[in-house]
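Report on the structure
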Protein chains: 2
Amino acid sequence: MRPTVHDIAAAAGVSLATVDRVLNQRPGVRHVTREKVETAIRELGYVRDVAAANLAKGRTYPLVFILPASDNSFMHGLNAEIRQAVLRSSAERTDIRTIEVPAFDPAALVAVLEGLSREKPCGIALVATDAPEVRAAVDRLVRERFPIVSLVSDLTGSLRHHYAGVDNIAAGRTAARLLGRFLGPRKGEIAVLAGSMLVRDHRERLEGFTAVMAEEFPDLAILPVLEGRDDPEVAHRLVADALGNAGIIGVYSLGAGNRGLIRALKEKAVDRVLTVIAHELTAHTRAALIDNTIDAILNQDAGHEVRSAIRVLKAKADGLAVIEAQERIRLDIFLKDNLP
Amino acid sequence: MRPTVHDIAAAAGVSLATVDRVLNQRPGVRHVTREKVETAIRELGYVRDVAAANLAKGRTYPLVFILPASDNSFMHGLNAEIRQAVLRSSAERTDIRTIEVPAFDPAALVAVLEGLSREKPCGIALVATDAPEVRAAVDRLVRERFPIVSLVSDLTGSLRHHYAGVDNIAAGRTAARLLGRFLGPRKGEIAVLAGSMLVRDHRERLEGFTAVMAEEFPDLAILPVLEGRDDPEVAHRLVADALGNAGIIGVYSLGAGNRGLIRALKEKAVDRVLTVIAHELTAHTRAALIDNTIDAILNQDAGHEVRSAIRVLKAKADGLAVIEAQERIRLDIFLKDNLP
DNA sequence: GATTTTTTGATTTACGTACATCAAAATTGG
DNA sequence: CCAATTTTGATGTACGTAAATCAAAAAATC
């Protein structure tokens with residue numbers, strides 16, 4: 001049986017009230033007494049029963065999710081997963097609020113973050129726009145002891161406690177190797193479609209992609225990046241234009257807005273043998289994978305990211321450890337054979 | 001605020017004791033009264049606070065894991081993950097016991113299963129050997145209301161509540177497509193190394209593999225399956241022998257015992273361009289992936305499988321729903337770029 | 001040594017549920 | 001209609017922790 005507060009009280013030779021004062025860092029305990037209690041806690045290996053404590057406190061976990069107001073399938077999916085989490089709120093004692101901020105707008109994000117220090121949520125998850133002022137705002141909140149996790153796109157160099165998202169450099173590298181291996185001995189040019197080079201996840205994917213291409217597939221030349229702003233219409237126009245180049249034998253779409261890419265491919269490349277790798281499994285990319293318009297899809301599971309972010313924030317709020325392996329968000333690789 | 005037992009008592013116009021009798025299916029409640037209470041429960045949307053209930057009951061979840069006594073890295077890994085789970089027992093209120101049974105031995109497995117109905121665990125996870133008598137034993141336990149999940153290898157057609165493992169047909173199909181695409185236009189023969197055709201997961205992988213090969217890569221011929229019994233020594237001998245055949249351009253290792261495969265490849269195929277796909281990420285396969293002996297690894301995350309099995313068994317024991325998407329075990333595809 | 005201040009103990013209530021007991025009410029059987 | 005039985009209510013204790021109150025003891029101050 002695991003030890004209870006009574007056991008530590010007995011072991012430390014103090015009363016229950018004193019143990020409580022130590023555990024909940026209430027004042028009025030002499031230093032030596034506090035030490036005695038802490039020793040007993042360590043020696044008995046006491047860990048507070050979080051369920052019982054939450055019951056007694058009537059505790060809930062007010063969490064805030066900050067998302068960019070982007071109109072693409074991935075963000076819609078992420079939103080849907082958060083709504084699912086809201087449905088589980090009562091069982092999980094969470095109280096989740098989402099805030100939408102304009103995409104690619106550091107100032108707006110900072111403004112929202114500033115506002116949060118008054119509201120006192122017990123945890124914050126944000127899809128970070130990568131900018132110094134955002135980093136500074138996040139660091140400030142961390143210093144005010146708010147648990148913070150970055151979601152989908154990381155904020156390297158900041159003090160955020162955790163990143164719930166995939167390793168985007170690895171994703172880009174993986175895309176490059178898949179494309180290179182699928183193309184085999186063929187020589188030619190590769191078109192790259194991104195959302196924006198202003199967001200870290202896209203930059204990192206490109207970085208990984210170009211690195212492996214340069215190291216291992218010198219016969220494949222990467223064309224200048226097309227920035228589709230994660231918008232299907234823009235993507236369509238850019239890709240349709242680019243496909244005028246007959247030397248293109250492969251495409252890597254590392255952002256969102258794949259509806260436009262797929263349409264362009266179906267219009268302009270029916271007669272050509274193109275190898276295409278795209279990110280994010282959506283209804284559109286799934287259909288394209290099945291009909292062979294796309295050869296592989298790299299995906300991050302938004303549901304896992306949301307659930308992981310919640311678990312981590314709750315654990316941090318309680319000062320508990322997380323199961324690292326469980327919280328690692330994996331890069332999913334889908335061929336038409338292993339679709340869920 | 002979510003409703004409590006007091007709220008249903010008030011709403012149904014009965015006492016707390018009666019609500020309790022209904023909730024815990026104790027006798028001594030007239031049919032009409034029971035209906036009143038159940039209506040109130042439904043209308044208020046009451047759900048029992050599992051944390052509080054467990055606290056009151058002092059409940060623990062005695063779980064049994066039944067594993068084959070196989071000496072390969074995957075099973076060692078699975079065991080290690082179960083030990084990790086045991087370390088978390090006190091926090092998760094579980095009480096986990098593992099039982100090892102001889103591998104590929106339906107009778108031994110059945111004997112253990114029979115013994116369990118006396119022991120009354122609140123959940124059973126087993127790596128199933130695929131045989132009618134095992135199915136029958138499992139079905140009997142399910143009828144006795146034991147929650148049961150199959151682990152790693154499924155028991156199709158049985159009444160088990162859940163399967164915590166990958167879709168092995170999809171895994172085989174994926175391996176075939178990867179191999180086919182990596183080989184490109186080359187023609188030649190493919191060696192397949194399996195553990196045993198007596199276990200369902202291996203049969204299914206082979207089935208998926210041959211299906212896609214036949215449909216889509218007619219230039220690649222599959223050689224007769226080598227059965228290595230998941231034993232590195234046997235695998236080494238079989239593969240070394242097979243590589244005498246100069247027509248082999250690809251290898252698919254769908255079972256365990258990859259140490260032997262890798263050794264054979266390093267000895268016999270240094271001068272050849274072989275494309276190799278193997279299952280299960282272990283220290284050995286990881287090293288082989290990095291040094292280009294293996295081209296891709298298909299993996300199931302043993303940690304996820306164990307944690308998922310535990311979550312599902314607990315949920316079933318409490319009669320609660322599981323988050324389906326969370327419990328789906330995904331097929332991991334590792335290239336050297338996205339290793340964890 | 002008396003007084004103030006700080007520290008500690010003892011005790012109670014609460015959280016939401018489980019479970020047991022005993023008495024009271026309602027229903028059933030004869 | 002009375003007795004036997006079943007059903008229901010009222011109440012208390014427990015689980016492990018939080019949080020509050022008030023009294024008692026110890027330490028610090030003068």
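The sections below set out a description of the structure shown in this document. Remember, predicted model here, so these are calculated numbers, not experimental data.

Neighbouring DNA strand D are 25 residues; A:Thr4, A:Ala53, A:Ala56, B:Ser15 and B:Thr33 lie closest to it. When residues of the surface near DNA strand D are traced back to their parent elements, those giving at least two are helix H2 (16-23) and helix H4 (50-57) of chain A together with helix H2 (16-23) and helix H4 (50-57) of chain B. Take the surface near DNA strand D: its biggest share by element is five residues, from H4(A). The residue makeup of the surface near DNA strand D, split by class, is 13 nonpolar, seven polar and five charged.

Here the focus is the interface of chain B and chain A. Tallying the contact residues gives 29 residues for chain B and 29 residues for chain A. Where the side of chain B that touches chain A is concerned, the elements lending two or more residues are H4, helix H6 (89-92), helix H9 (168-183), helix H14 (302-317), helix H15 (324-327) and strand E12 (332-334) of chain B. When residues of the side of chain B that touches chain A are assigned to their parent elements, the largest contribution, six residues, is made by H9(B). Of the residues belonging to the side of chain B that touches chain A, the class tally is 13 nonpolar, seven polar and nine charged.

Neighbouring residues of DNA strand C: 25 residues in total, closest A:Ser15, A:Thr33, B:Thr4, B:Ala53 and B:Ala56. Counting only elements with at least two residues in the surface near DNA strand C, the list comes to H2 and H4 of chain A together with H2 and H4 of chain B. For the surface near DNA strand C, the leading source of residues is H4(B), giving five residues.

Residue and element names in this part refer to chain B. The parallel open sheet is built from five strands, whose spatial order is E2-E1-E3-E4-E5. Taken across any chain shown, the strands that pair with only one partner, and hence form the sheet edges, are strand E2 (94-101) and strand E5 (162-164). In this sheet, neighbouring strand axes are inclined to one another by 20° on average, regardless of whether the strands run parallel or antiparallel. The pairing of strand E3 (residues 123-126) with strand E4 (residues 148-151) spans three bridges and is parallel. Along E4, the bridge assignment pairs Ile 124 with Ile 148. Running over the sheet, helix H7 (residues 106-119) touches strand E1 (61-68), E2 and E3 and is turned about 150° from E2.

Turning to the relation of the copies chain B and chain A, a few remarks are in order. When chain B is fitted to chain A, the best match, at an RMSD of 0.1 Å, comes from turning it 180° and sliding it 0.0 Å along the axis. Considering both components of the superposition, the chain copies are consistent with a two-fold axis. Taken as a fraction of all interface residues of chain B, those also at the interface in chain A reach 100%, which identifies the copy contact as same-surface.

So, about the sheet that holds strand E4 (residues 148-151) of chain A. Residues and elements named next belong to chain A. One open sheet accounts for five strands, arranged E2-E1-E3-E4-E5; its pairing is parallel. The strands lining the two open edges of the sheet, one partner per strand, are strand E2 (94-101) and strand E5 (162-164). Here the strands of the sheet are splayed against their neighbours by 20° on average, with no regard to which way each runs. In the packing of helix H5 (residues 73-87) onto the sheet, the strands contacted are strand E1 (61-68) and E2, and the crossing angle to E1 comes to about 170°. Sheet contacts for helix H7 (residues 106-119): E1, E2 and strand E3 (123-126); angle to E2, the most-contacted strand, approximately 150°.

Cut-offs and rules
Residues numbered from 1 in each chain as written. Chains lettered and ligands numbered in written order. Predicted model: local features only at pLDDT ≥ 70, side-chain atom pairs only at ≥ 80, totals over all residues. Near = placed C-beta within 6 Å. Helix = DSSP H or I, 4+ residues; strand = E, 2+ residues; numbered from the N terminus. Nonpolar A, V, L, I, M, F, W, Y, C, P; charged D, E, K, R; others polar. Contact = placed C-beta atoms within 7 Å. Pairing = 2+ DSSP bridges. Axes fitted to C-alpha atoms, helices over the stretch in contact; angles between N-to-C directions. Least-squares fit on C-alpha atoms with pLDDT ≥ 70 in both.

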